[in-house]
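Understanding the architecture of this molecule
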Amino acid sequence: MPVGQDRLVDLIRKGLPQDETVGIALSGGGDSTALLHLALRAGLSVEAVTVDHRLRPESAAEARAVAAACAALGVRHEVRVWEHGEVAGNLMDAARRARRALIAGWAAARGIRTVALGHTRDDQAETVLMGLARAAGLAGLSGMRPLWQEAGVEFRRPLLAAGRAELRDWLRAEGIGWIDDPTNENDRFARTRARKALAALAPLGITASRLAEVAGHLARVQEALAAQVAAAASQHVAERAGALRFDAQLWSEPAEVQRQVVIAGLMWLSPSDYAPRAAEIARIGRVLIEGGHATLAGCRARSGWLMREPRAVGGPVPVGGLWDGRWRVDGPEGEVRALAAEGLRQLRDWRTTGLPREVLHVTPGVWQGDRLLAAPVAGCGEGWQAKLDRPFHLFGLSD
C-alpha cells in the first residue's frame, strides 16, 4: 500500500457520504483524478462528469480521454459542454460559473445530491494570496468553503487537508496518469501568479500548509461573526413586502456587524453574485442611518428602508412564474409585472398597508393589459397570493 493512502482514504470517508452515489467533478488533472481513485478505494459508489469549456483546441480530446479512463474503471461518466461565444470580462470567473451550473444540472438529471471537487490545501493557500492581493475582508481571507449548497446540490471539497504534491506522489506510486492543463502555467491568470508567488515565499516559512492553517483560523472567526450577524439581523431587520426595514438599534452593534447586515440585505435583494465594494456599502449604510436615498446593485436605500430599485425589476411573467427572481404569484390567469405608480393609482386603499409607496411600486401586480387585476402584497385581489421565493431570514446569513 502506498505511503499515505490510509490518510487520504480517511479524508474521503470523513468528507463524503457513504450511503449514496457521489458525483465526481473530473477534469483529468492530478487532483480530480486522485479524488476519483481515492473515492473508489474508499468503497464509494460514484459517477463522474467532465466539463469541456471549449477554451482550448485540445479540450474535446482530453474529455474523451477522461471518458475512456472512467470506462476502464467501470465508472459512469458524462461530458457537458460549455456552449459560448466571445466571453466578455473575467474569463476564469465566467468559466467557473458555467462549470458549476453544468455540473449542478448534470447532478440533478442523475438524481445525485452530493458532488465532490478535487481542491487541495495548495488551492486553499492560493485563494488566500489572491484575497490579500485585492485587500479582501474576513470572508475573502477565510479560503474555500469545505461544503455549500447550490442549485439543489451539495458541493464538497474533501481533500482540502491534502497537498497537491502528496496526491501526485500517490498517483505515481499507483501508476495512475493524469492530464496537466497548460493554463496552469499561464501568467495571464491570477491563480497561476499566486502559485508562483507561493513558491517564492516558501523560504520565509509562508507555505501552502501555513496559509491553509491561517485560512482555517479565519474561517472559524468568520463562523462566529456570521452567527452574530444573523442574530443582529433577526432582532433589527424586518422583512416587509419584499423590502427590509432597519431599526435604529442596529446601528449600536459593532461596525462590522452593521456592515455585514447591510451586505446581506443587498445580496438578498440584488441578483448580483458578489457584494459591492466597501466604499459603496458604506455609502448605503450612511443613507440608512442618516436619511436621504441612494441606489446600488439594483437596490434602493431610503430612510431606513432597503428595497428593489424600480429600474432593475424583472420583466413580465405569467401567473405561476418567478417574477423578478424573487416573487411567485399563484391564482387565476394574468400577467405579473411591477405594481408601479400606475398600479397604485388604481388602488384606493393602498395607504392602509402602512407601507411606503416606493416599497409597493416594486411589488408584484397582476395585470390584464393596462387593467390591474390584483395587488396581492397590498391586500387587493381575492384568489391571488404572492410569496417570496427566499425569505430574508433564511437567506445566506450564515454563509
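Please refer to the structure higher up on the page.
The text that follows walks through the structure, step by step, so that each part is easy to find. Here the residue index of a chain counts from 1 through its sequence in written order. Where local features are concerned, this predicted model is filtered to residues with pLDDT of at least 70; where side-chain atom pairs are given and counted, the filter is 80 or more; whole-chain, interface and lining totals use all residues. As a rule here, side-chain values come from all non-hydrogen atoms in the structure, and water together with hydrogens is ignored.

**Observations regarding empty space enclosed by the protein**
We place a 1 Å grid over just the protein atoms. Points where a 1.4 Å probe fits but has no way out form a cavity, open points with protein on both sides within 12 Å along at least 5 of 7 lines form a pocket, and any residue with an atom within 4 Å of a point lines it. Grid points are joined across faces, edges and corners, and a volume is the space filled by probe spheres set on the points. A complete count under the given rule lists one cavity of 30 Å³ or more for this structure. Space inside the largest cavity adds up to approximately 30 Å³. As for the largest cavity, its lining consists of Ala241, Gly242, Ala243, Met307, Arg308, Arg326, Trp327, Val359 and Val362. For the lining of the largest cavity, a count of residues per class yields six nonpolar, one polar and two charged. The nonpolar class holds Ala, Val, Leu, Ile, Met, Phe, Trp, Tyr, Cys and Pro. Asp, Glu, Lys and Arg form the charged class, and all remaining residues, Gly among them, are polar.

**Some words on the layout of surface pockets**
Its boundaries defined by the atoms lining it, the second largest pocket holds a volume of some 160 Å³. Lining of the second largest pocket is provided by 13 residues; of these, Gly28, Thr33, Val66, Ala69 and Gly177 occupy positions nearest its centre. Here a strand is any run of E in DSSP of at least two residues, a helix any run of H or I of at least four, and the numbering for each starts at the N terminus. Of all the secondary structure elements, the ones that give two or more residues to the lining of the second largest pocket are helix H2 (30–41) and helix H3 (59–73). The greatest single-element share of the lining of the second largest pocket, amounting to five residues, is contributed by H3. Each residue belonging to the lining of the second largest pocket can be placed in one class, and the counts come to nine nonpolar, four polar and no charged.

**Regarding unusual backbone geometry**
Note: most residues except glycine have negative phi, and most peptide bonds are trans. Backbone geometry places alanine 151, a non-glycine residue, at a positive phi of 55°. You can see alanine 151 is positioned in the loop between strand E5 (147–150) and strand E6 (153–156). The classification of residues rests on relative accessible area computed with a 1.4 Å probe and restricted to protein chains. Under 20% of the type maximum is buried, over 50% is exposed, and intermediate values are partly exposed. Overall, alanine 151 belongs to the exposed group, its relative accessible area being 62%. With a phi angle near 60°, alanine 340 is a residue other than glycine that sits in the positive phi range. Residue position: alanine 340 is located in helix H12 (residues 340–345).

**Looking at the pattern of salt bridges**
Salt bridges are defined by distance alone: a side-chain nitrogen of Lys or Arg within 4 Å of a carboxyl oxygen of Asp or Glu. On inspection of all chains with the given rule, the structure shows 30 salt bridges. The partner of arginine 156 in a salt bridge is glutamate 154, and the shortest N-O contact between them spans 2.7 Å. This pair shows no difference in class: arginine 156 is buried, exactly as glutamate 154 is. Residues aspartate 389 and arginine 328 are paired through a salt bridge, measuring 4.0 Å at the closest nitrogen-oxygen approach. In this pair, aspartate 389 sits in the segment after strand E18 (385–388) while arginine 328 sits in strand E14 (residues 327–330), placing the two residues 61 residues apart along the sequence. For arginine 328, a relative accessible area of 32% corresponds to the partly exposed category. Residues participating in the shared-partner salt-bridge network are Asp31, Asp123, Glu126, Arg164, Arg168, Arg191 and Arg195.

**Observations regarding helix H7 (residues 164–174)**
Among all positions in H7, only Arg164, Leu167, Arg168, Trp170 and Leu171 are buried. Down the axis of H7, the smallest arc covering the buried residues is 155°, so these residues share one side. Exposed and facing more than 90 degrees away from the buried side of H7 are Ala165, Arg172 and Ala173. We call two residues in contact whenever any of their non-hydrogen atoms come within 4.5 Å of each other. On its buried side, H7 packs onto helix H1 (5–15), H2, helix H5 (121–133) and helix H8 (190–201). Looking one or two residues beyond H7, the residue adopting positive phi is glycine 175, at roughly 70°. Taking the helix axis as origin, the arc is that swept by the directions to the C-beta atoms.

**Digging into the sheet that holds strand E17 (residues 371–374)**
Read across the open sheet, the four strands follow the order E12-E15-E16-E17; overall the sheet is antiparallel. Edge positions in the sheet fall to strand E12 (317–318) and E17, since each of these pairs with one other strand and no more. Whether two strands pair comes down to DSSP finding at least two bridges between them. Two elements, strand E15 (residues 335–338) and strand E16 (residues 364–368), share four bridges in a ladder whose sense is antiparallel. Looking at the pairing, alanine 338 lines up with proline 364 of E16.

**Observations regarding the sheet that holds strand E13 (residues 322–323)**
Consider a sheet: its strands pair through backbone hydrogen bonds, and that pairing is either parallel or antiparallel. Spatially, the three strands line up as an open sheet ordered E13-E14-E18, and their pairing is antiparallel. Where the open sheet ends on each side, the last strands, each with one partner, are E13 and E18. Examined bridge by bridge, E13 and E14 share two bridges and lie antiparallel to one another. Bridge pairing in E14 links leucine 322 to arginine 328.

**Brief notes about the pairing of E15**
Relative to E15, E12 runs antiparallel, the two sharing two bridges. Bridged to proline 318 within E15 is glutamate 335.

**Things to note about H5**
Take the number of residues in a helix, subtract one, and multiply by 1.5 Å to get its expected span. The terminal C-alpha atoms of H5, which comprises 13 residues, lie 19 Å apart, in line with the 18 Å expected from a rise of 1.5 Å per residue. For H5, the tally of buried residues reaches ten of 13 residues, placing the bulk of the element in the interior. For H5, the full list of buried residues reads Asp122, Asp123, Gln124, Ala125, Glu126, Thr127, Val128, Leu129, Met130 and Gly131. Elements in contact with the buried residues of H5: H2, helix H6 (138–141), H7, H8 and helix H9 (208–236). N-capping of H5 is provided by threonine 120, with a side-chain oxygen placed 3.2 Å from the backbone N of aspartate 122. A positive backbone phi angle near 55° is found at alanine 135, which sits one or two residues after H5. In protein, a polar contact requires one atom able to donate a hydrogen and another able to accept it; more generally it is a pair of N or O atoms within 3.5 Å, and residues adjacent in sequence count only if both atoms are side-chain atoms.

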